[in-house]
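Inside the fold
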Amino acid sequence: MSFSGFTLSFIKSIEESSSRIQSWAEIKKKEADTAVIEAKAVENEEQHKIDGLLRQFKSLQYQRGVVSRVNNCNSSDDGGLKEQRENLENKQKRLEEDIALLDTRKKVEQSKLDGA
């Protein structure tokens with residue numbers, strides 16, 4: 001009995017299958033490489049958007065006085081609106097004290113005039 005026909009056709013079938021599998025693997029590798037490139041592009045785009053939003057968020061925090069800029073520690077408007085508000089409230093308090101003092105002086109002067 002001869003098995004050469006069976007063996008040759010089997011070997012040829014294995015080679016064809018191996019070739020098809022190799023082709024399929026190369027196609028899938030190219031698809032995967034393309035998907036990785038596209039994913040990295042999307043990641044970069046999304047990271048750029050996130051960075052922009054983070055800058056906006058930090059700017060809003062500064063404007064609302066939640067945080068102060070380290071670079072401008074000596075500036076009069078450091079701390080944004082919160083510090084400006086505190087400065088204005090302190091100025092208002094000093095002015096109210098000055099007004100109270102002037103009212104007192106006015107009353108003293110008026111009483112002197114009324115008594116004279």
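The structure we're discussing is the one just above.
My aim in this report is to walk through the structure given alongside it, one point at a time. Because the structure is a prediction, the values reported are computed rather than measured. (Residues numbered from 1 in each chain as written. Predicted model: local features only at pLDDT ≥ 70, side-chain atom pairs only at ≥ 80, totals over all residues. Heavy atoms only, no water.)

The secondary structure content of the chain amounts to two helices and zero strands. A total of 116 residues make up the chain; the buried ones form 5% of that total. Accessible surface, the chain: about 10,700 Å² in total, of which carbon and sulfur atoms supply 57%. (Helix = DSSP H or I, 4+ residues; strand = E, 2+ residues; numbered from the N terminus. Buried < 20%, exposed > 50% of the residue type's maximum accessible area, 1.4 Å probe, protein only. Areas by Shrake-Rupley, 256 points an atom, 1.4 Å probe, with all protein chains shown as cover.)

Applying the stated rule across the entire model yields five salt bridges. With its nearest N and O atoms 3.3 Å apart, the salt bridge here joins E31 to K28. Pair noted here: E31 and K28 are both in helix α1 (residues 4–63), with a separation of three residues, about one helical turn. With a closest N to O distance of 3.6 Å, E46 and K49 form a salt bridge. Residue E46 and its partner K49 are located together in helix α1, separated by three residues, close to a single helical turn. Its relative accessible area of 37% is what places E46 among the partly exposed residues. Within the structure, one salt-bridge network assembled from shared partners comprises E45, E46 and K49. (Salt bridge = Lys/Arg side-chain N within 4 Å of Asp/Glu carboxyl O.)

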